[in-house]
Amino acid sequence: MDEHVPRTFVAVCDRQSFRAAGEDVGRTQSAVSQQIKGLEAELGVQLFNRSTRSVEMTPAGQTFYSHACSLLSRHREAVSAARGASVLPYLRIGATDDIAAYGLVPVLRALEDGPEPCSLDLETHSSQMLLASLGSRYDLVIVVSPQRSRTGDLVASVPLVWLGSASLSTSQNALPLAVYADRCAMRDAAIAALDTSAVKWTTKATVSGLVVIEAAVRAGIAVAPALAGFHAADLPTVTSLPALPHLELRIVAGTPVGETYLPYVRKGLQGLLEAKG
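(A) Looking closely at the overall build of the chain. Per the secondary structure count, the chain includes 10 helices and 11 strands. Radius of gyration (C-alpha) of the chain: 20 Å, near the 19 Å computed for a compact globule of 277 residues. Seen through its C-alpha atoms, the chain measures out along the principal axes to roughly 55 × 50 × 30 Å. Counting the 277 residues in the chain, one finds 43% classified as buried. Residue pairs in contact within the chain that sit at least 24 positions apart in sequence constitute 75% of those at least 6 positions apart. By element, 52% of the accessible surface of the chain is carried by carbon and sulfur atoms, the whole surface being about 13,900 Å². In the chain, which carries 24 positive and 26 negative side-chain charges, the distance between the mean positions of the two groups comes to 5 Å.

(B) Local environment of the nonpolar core. Counting residues in hydrophobic clusters, the biggest one holds 59 residues, and the most contacted among them are Ile142, Trp162, Leu227, Leu249 and Val265. No other element matches helix α8 (residues 185-196), which puts seven residues into this core. Excluding its chain neighbours within four sequence positions, the residues that come into contact with Ile142 are Ile93, Gly94, Ala95, Thr96, Ile99, Leu104, Leu130, Arg250, Ile251, Val265 and Leu269. With 17 residues, the next largest nonpolar core counts Ala11, Ala21, Leu39 and Phe48 among its residues.

(C) Quick look at the packing of helix α1 (residues 4-15) against helix α2 (residues 18-25). Two elements in contact, α1 and α2, have axes separated by 8 Å at closest approach and are oriented at 130 degrees. Classified by the angle between their axes, α1 and α2 sit oblique to one another. The handedness of the crossing between α1 and α2 is right-handed. Note on element contacts: α2 touches α1 through Phe18, Ala20, Ala21, Asp24 and Val25, opposite Arg7, Thr8, Ala11, Val12 and Arg15.

(D) Quick peek at the pattern of salt bridges. Under the counting rule described, the total for this entry stands at nine salt bridges. With a shortest N-O distance of 2.9 Å, Arg183 and Asp188 are connected by a salt bridge. A relative accessible area of 61% means that Arg183 is categorised as exposed. The residue Arg218 makes a salt bridge to Asp234 at a minimum N-O spacing of 2.9 Å. On the criterion of sequence distance, the pair formed by Arg218 in helix α9 (residues 210-218) and Asp234 in the loop between β9 (224-227) and β10 (237-238) is long-range, its members being 16 residues apart.

What counts, and where the lines are drawn
Counting starts from 1 at the beginning of each chain's written sequence and moves along it residue by residue. Per-residue local features are limited, in this predicted model, to residues with pLDDT of at least 70; the limit for side-chain atom pairs, both in listing and counting, is 80 or more; totals at the level of whole chains, interfaces and linings are taken over all residues. Where side-chain values are given, they derive from all heavy atoms of the structure, hydrogens and water being excluded. Here a helix means four or more residues in a row that DSSP labels H or I, a strand means two or more in a row labelled E, and each is numbered from the N terminus. Just to be clear, the radius of gyration here is over C-alpha atoms, and the globule rule we use is 2.2 Å times residues to the power 0.38. To sort residues, take the accessible area from a 1.4 Å probe on protein chains only and compare it with the maximum for the residue type: under 20% means buried, over 50% means exposed, and anything in between is partly exposed. Contacts are residue-level and defined by heavy atoms, with any inter-residue pair within 4.5 Å sufficient. Here the accessible surface of atoms and residues is derived via Shrake-Rupley with a 1.4 Å probe, and residues count as covered only by protein chains that are part of the display. A residue counts as positive if it is Lys or Arg and as negative if it is Asp or Glu; His and the chain ends are not included. Where a charge sits is defined by one atom per residue type, namely NZ (Lys), CZ (Arg), CG (Asp) or CD (Glu). Here, the term nonpolar core denotes a set of buried Ala, Val, Leu, Ile, Met, Phe, Trp, Tyr and Cys residues that are joined through side-chain atoms within 4.5 Å. Orientation is described by axes fitted as lines to C-alpha atoms, over the contacting stretch for helices, and by angles from 0 to 180 degrees between their N-to-C directions. For classification, angles of less than 35 degrees are called roughly parallel, those exceeding 145 degrees roughly antiparallel, those between 65 and 115 degrees roughly perpendicular, and all remaining angles oblique. We call a crossing left-handed when the near helix sits turned anticlockwise from the far one by less than a right angle, and right-handed when that turn is clockwise. Counted as salt bridges are all cases of a side-chain nitrogen of Lys or Arg within 4 Å of a carboxyl oxygen of Asp or Glu.

This is the structure:
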């Protein structure tokens, strides 16, 4: 069995969506569907109950899920062991896509060329999924948490801002939002602020990636919460909407390799934030 097939299957189980799973594994929704159909034909069982709104595992799917996760874990261990035999340590690092795109990538470049260089593997997911896979899939993760969280080590407290056209905030219609499909601290904080101020809202775009959120804002069809400094510089901010809180960037190690590189990554992110002002 091709290793990519169980990876796609696990992504569908975790995301409960063929579309979102496709974004995770770099395939179209139709390609994911064909892979799952092929897997079901190979196994001779139905793995999912499908409807227009949901994808749920059958009992056979639940059984195969645990074995598929074990298979992928052993594959990662084998790859890690092989890379561990090389001169450079291998660091598996996870982050939310906004932190990765606008903060972590330059830090990792400096890390590769620093006093203790390493071989890097970067993945992006929601904070919840990153923490759930810490120690097995990731050595080190950077997540976004509410204030006064006890998760890992604090990197910085960063204000949330509204991105979008000011005209949307003054319309009599419900405020259109572009938000992540997975529950996250930014989404929760934005909705809480709107509800507290009795501002009517509706979701215009519910997506799994930063690119679509920024595209929706740029097109003027929605507003979105974002961490200040961790978004495209050309996007306008809106000050007429309810104030948003600060959130915390926190870094968490799950393995000895992660513990080794945690101080370097934290220092690099803090230096980048200071440069952003």
